Amino acid sequence: QVQLAESGGGLVQAGGSLRLSCVASGSFFSNYNMAWFRQAPGKEREFVAGISRGGGRNEYAQSARGRFTVSRDNVKNTVYLQMNSLAPEDTAVYLCAAGGMIAASPHNWDYWGRGTQVTVSS
């Protein structure tokens, strides 16, 4: 069992940057693939980025590719999402997830954080 806690969200102007963090506890962090999802009001939960157990493979949604970077530090039990060139359509609650495989569907992930709000103003 893994507990996840996100931080780093906030209000940022279009074109700006934010770095989100997700700290894991309760189990062996390195056993899990990690991912970031986002969910805007009235919309489905959307895959943003994923990273393999050792950090050797990253996966990105088309909307994130070239702007966002996912990374992890297995010593600190933390996964990060560096977000650059933010746009208003990036506004959402960003959630951290842990699971046994990297997949775009939220149903393939086993553990979730509560989320952190990212708001991008125009």
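Residues numbered from 1 in each chain as written. Predicted model: local features only at pLDDT ≥ 70, side-chain atom pairs only at ≥ 80, totals over all residues. Heavy atoms only, no water.

A. Expanded view of the sheet that holds strand β1 (residues 3-7). One open sheet accounts for four strands, arranged β1-β3-β8-β7; its pairing is antiparallel. The outermost strands of the open sheet, each flanked by one partner alone, are β1 and β7 (68-73). Shown here is a sheet whose adjacent strand axes are inclined to one another by a mean of 15 degrees, direction ignored. Across six bridges, the pairing between strand β3 (residues 18-25) and strand β8 (residues 78-83) is antiparallel. Paired with Arg-19 across the bridge in β8 is Gln-82. (Pairing = 2+ DSSP bridges. Helix = DSSP H or I, 4+ residues; strand = E, 2+ residues; numbered from the N terminus. Axes fitted to C-alpha atoms, helices over the stretch in contact; angles between N-to-C directions.)

B. Representation of the environment of Trp-112 in the model. Relative to the elements of secondary structure, Trp-112 occurs in strand β10 (residues 111-112). Expressed as a C-alpha distance, the spacing of Trp-112 and Ala-5, which sit 107 residues apart in the sequence, is 8.5 Å. Those residues in contact with Trp-112 that lie beyond four places of it in its chain are Leu-4, Phe-37, Arg-45, Leu-95, Cys-96, Ala-97 and Pro-106. (Contact = heavy atoms within 4.5 Å.)

C. Structural detail: the nonpolar core. Judged by nonpolar contacts, the single largest core of 29 residues is most densely connected at Met-34, Trp-36, Val-79, Leu-81, Met-83 and Tyr-94. Of all elements in the fold, only β3, β4 (33-39), β5 (46-51), β7, β8, β9 (92-99) and β11 (116-121) reach the threshold of two or more residues within this core. Contact partners of Val-79, with chain neighbours within four places excluded, come to Leu-20, Ser-21, Cys-22, Phe-29, Met-34, Trp-36, Ile-51, Val-70, Ser-71, Arg-72 and Cys-96. Of all hydrophobic cores here, the second largest spans eight residues; its members include Phe-37, Phe-47, Ala-97 and Ala-103. (Core = buried A, V, L, I, M, F, W, Y, C linked by side-chain atoms within 4.5 Å. Buried < 20%, exposed > 50% of the residue type's maximum accessible area, 1.4 Å probe, protein only.)

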